[in-house]
Amino acid sequence: MTSSPNLTFNDGNTIPQLGYGVWQVEDDVAEKVVSQAFKAGFRHIDTAKIYGNEAGVGRAIASSGLDHKDIFITTKLWNADQGYESTLAAFEASMERLGLETLDLYLIHWMQPKQNKYVDTWKALIELQKQGRVKSIGVSNFTKEGLQEIIDATGVVPAIHQIELHPFFNQSELREFNASKGILTQAWSPLGQGGELLSNDVVTNIAEKHNATAAQVVIAWHLAIGNVVIPKSVTESRIQENFAALNVTLDAEDIEAITALDKGAEGRIGADPAVSDFQ
Ligand code: NAD
């Protein structure tokens, strides 16, 4: 069976480059679709406390028959739990729901600059890594300045930065900044949430050329430019289709044409981490 390539973090651990995300998936559905994702070949699952489905993901892991060493699980610390002690407590609660002893990757979900607790929160993640409870630590939805601040305050560079990233919003500047610090870039909403992007002419023409689907071409683009990518679907045939994107190899000109679809800030779907302030 095909398996995802691994990318190596700055801490020496590795992450399967293609994973499966479960935002907006009910807890009981999560158990079913994560099981289907494992069956399709995915070995990397992306959840978060706020998704309300860590327990469902945990049940899918428990019933999978897979060894933890052969799978990679990410969860995220929610905004309301930021702060040193509250992070340590929130981590334990997530682990309880997941039914895991150690976690592969823990992320600060949003920087939340107004709340201004991300430095203390980062220190708590560093402590959890020191204790061996989590193998790798990173952040999501930070600005360059915020990243620099947590690095300067602690000397510890995040392993990965998970950000909104798809062909309409390709984040070339932030990707470059991440790379310059030795931080991997992970793309959330990699398919642009399945909207207009998948019927875009450039994408569908490239798909036709490769006898692939539009979703596969977009995933192949992410893989080609070095992103860790976590598409979501709750439809088993699409879960399989998305995993099979590993078999699609784009030409340099395809990659260039998809990269040129960028709309800059106008392409953003979600909140702007520089100003986001929600609980
Ligand atoms: P996505 O870009 O992965 O799009 C998912 C949607 O695309 C599906 O609901 C479906 O409508 C469509 N789709 C999926 N596969 C398809 C296929 N093969 N053919 C046609 N349509 C298809 O969107 P997402 O769920 O927002 O992002 C993926 C993951 O990223 C999430 O599940 C979550 O794990 C993560 N995420 C993280 C953050 C964050 O703040 N860190 C924010 C959003 C998402």
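The coordinates are above.
This section reports on the structure supplied with the text. In this text, all values refer to a predicted model and were calculated from it rather than measured experimentally.

Considering the pairing of strand β5 (residues 72–77)
- Of all six residues that make up β5, six are buried, and the element is covered over most of its length.
- Where β5 and strand β6 (residues 103–108) come together, four bridges link them in parallel fashion. Considered in β6, the bridge of Leu77 is made with Ile108.
- Each parallel crossover has a hand, and the one from β5 via helix α3 (residues 84–98) to β6 is right-handed.

Quick look at the site of the ligand
- Near the ligand you find 27 residues, and of these Asp46, Asn141, Ser189, Leu191 and Asn242 are the closest.
- Between Asn141 and the ligand, the recorded distance is 2.9 Å, taken from a side-chain N or O atom to an oxygen atom.
- At a separation of 3.4 Å, a nitrogen atom of the ligand approaches a polar side-chain atom of Arg238.
- Counting atoms within 2 Å of the grid points, the majority share of the ligand lands in the largest pocket.

Topic: the pairing of strand β7 (residues 134–140)
- Counting buried residues in β7 gives six out of seven residues, a clear majority hidden from the surface.
- One ladder, built from five bridges, connects β6 with β7; its direction is parallel. Opposite Ile108, over in β7, you have Val139 as the bridge partner.
- Once you follow β6 into helix α4 (residues 118–130) and on to β7, the crossover reads as right-handed.
- Where β7 lies against strand β8 (residues 160–164), two bridges are found, and the strand directions are parallel. Its bridge partner being in β8, Val139 is matched across the sheet by His161.
- The β-α-β motif built from β7, the intervening helix α5 (residues 144–154) and the parallel element β8 has right-handed crossover chirality.

Considering helix α2 (residues 54–64)
- Of all the residues in α2, the buried ones are Glu54, Gly56, Val57, Gly58, Ala60 and Ile61.
- In this structure, the buried side of α2 is in contact with α1 (27–40), β4 (44–46), β5 and α3.
- One or two steps after α2, the chain reaches Gly65, where phi turns positive at roughly 75°.

Some details on the sheet that holds strand β3 (residues 20–21)
- The strand order across the open sheet formed by eight strands is β3-β4-β5-β6-β7-β8-β9-β10, and the pairing between neighbours is parallel. Bordering the open sheet on either side are β3 and β10 (228–229), each of which pairs with just one other strand.

Here we look at the side chain of Asn242
- The residue Asn242 is located in helix α9 (residues 236–243) in this model.
- Under the relative-accessibility criterion, Asn242 is labelled buried at 4%.
- Excluding residues within four positions of it along the chain, Asn242 makes contact with Leu18, Phe42, Leu191, Ala215, Ile219, Pro231 and Ser233.

Some points on the nonpolar core
- Tyr20, Leu103 and Tyr106 are the most contacted members of the largest nonpolar core, which has 74 residues in total.
- If near-sequence neighbours (up to four positions away) are discounted, Tyr106 is found in contact with Thr75, Lys76, Leu77, Thr87, Ala90, Phe91, Leu125, Leu128, Val134, Ser136, Ile137 and Gly138.
- Core analysis: the second largest hydrophobic core is formed by ten residues, Leu7, Ile15, Phe72 and Val228 among them.

Looking at the packing of aromatic side chains
- Counted under the stated rule, the structure contains eight aromatic pairs.
- On the basis of an interplanar angle of 65° and a centroid distance of 6.3 Å, the ring pair of Trp110 and Trp188 is categorised as edge-to-face. In this pair, Trp110 sits in the loop between β6 and α4 while Trp188 sits in strand β9 (residues 184–188), placing the two residues 78 residues apart along the sequence. Each member of the pair, Trp110 as well as Trp188, carries the same accessibility label: buried.
- Between Tyr118 and Phe142, the aromatic rings sit 5.7 Å apart at their centres with planes inclined by 80°, giving edge-to-face as the arrangement. Of this pair, Tyr118 sits in helix α4 while Phe142 sits in the loop between β7 and α5, and the two are 24 residues apart along the sequence.
- You can call Tyr118 buried: its relative accessible area is 5%.
- A residue is classified by how much of its surface remains accessible, and Phe142, at 1% relative accessible area, is buried.
- An aromatic cluster is present here, built from Trp78, Trp110, Trp188 and Phe278 joined pairwise through their rings.

Parameters at a glance
Residues numbered from 1 in each chain as written. Predicted model: local features only at pLDDT ≥ 70, side-chain atom pairs only at ≥ 80, totals over all residues. Heavy atoms only, no water. Buried < 20%, exposed > 50% of the residue type's maximum accessible area, 1.4 Å probe, protein only. Helix = DSSP H or I, 4+ residues; strand = E, 2+ residues; numbered from the N terminus. Pairing = 2+ DSSP bridges. Right-handed = clockwise from strand over helix to strand, strands pointing away. Near = heavy atom within 4 Å. Polar contact = N/O pair within 3.5 Å; in protein donor to acceptor, adjacent residues only side chain to side chain. 1 Å grid on protein atoms, 1.4 Å probe; cavity = no way out; pocket = protein on both sides within 12 Å on 5 of 7 lines; lining within 4 Å. Sits in = over half its atoms within 2 Å of the grid points. Contact = heavy atoms within 4.5 Å. Core = buried A, V, L, I, M, F, W, Y, C linked by side-chain atoms within 4.5 Å. Phe/Tyr/Trp six-rings, centres within 6.5 Å; stacked < 30°, edge-to-face > 60°.

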